[in-house]
Amino acid sequence: QLQLVESGGGLVQPGGSLRLSCAGSGFTSSYYGIGWFRQAPGKEREGVSCISGSGGSTNYADSVKGRFTISRDNAKTTVYLQMNSLKPEDTGVYYCAAVRIVQAMCVMIPVSRWGQGTQVTVSS
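Residues numbered from 1 in each chain as written. Predicted model: local features only at pLDDT ≥ 70, side-chain atom pairs only at ≥ 80, totals over all residues. Heavy atoms only, no water.

**Let's talk about the sheet that holds strand S8 (residues 78–83)**
With antiparallel pairing, the four strands of this open sheet are ordered in space as S1-S3-S8-S7. What marks the edges here is a single partner per strand, and that holds for strand S1 (3–7) and strand S7 (68–73). Looking at each pair of strands side by side, their axes are set apart by 15 degrees on average, direction ignored. In this structure, S7 lies alongside S8, joined through six bridges in antiparallel fashion. In the sheet register, Ser71 faces S8, and the bridge partner there is Tyr80. (Pairing = 2+ DSSP bridges. Helix = DSSP H or I, 4+ residues; strand = E, 2+ residues; numbered from the N terminus. Axes fitted to C-alpha atoms, helices over the stretch in contact; angles between N-to-C directions.)

**Considering the side chain of Thr78**
On the secondary structure map, Thr78 appears in strand S8. Here Thr78 falls in the buried class, since its relative accessible area comes to 10%. Beyond its immediate stretch of four places on either side in the chain, Thr78 contacts Ser21, Cys22, Ala23, Ser71, Arg72 and Asp73. (Buried < 20%, exposed > 50% of the residue type's maximum accessible area, 1.4 Å probe, protein only. Contact = heavy atoms within 4.5 Å.)

Geometry only, nothing functional implied.
Structure, rendered in structure tokens:
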């Protein structure tokens, strides 16, 4: 049974960096595409980034392009989200989930249950 656990959140000043981790178990690591999603207070959950099982396909929301980088280590069954140049509007709870793959490309549509997420707060 697929299980994903998020970690790495925290409080950071604007312009700072954080690296989130999504540790997986109960599955063949390279089989699933994995995505990161976030939910800001009072807003709907939105897709941030995703990566295919092989790591050959990535996708980013326009709001984070050029600042966030997604990567995966299949040997460790872990997906990372490196977040640089953070802005207050990046504040929210970040979740990872398995995502749909269409023609070998990841799509930010979740297909697994949500975990507890990890809180990211960008504030001075």
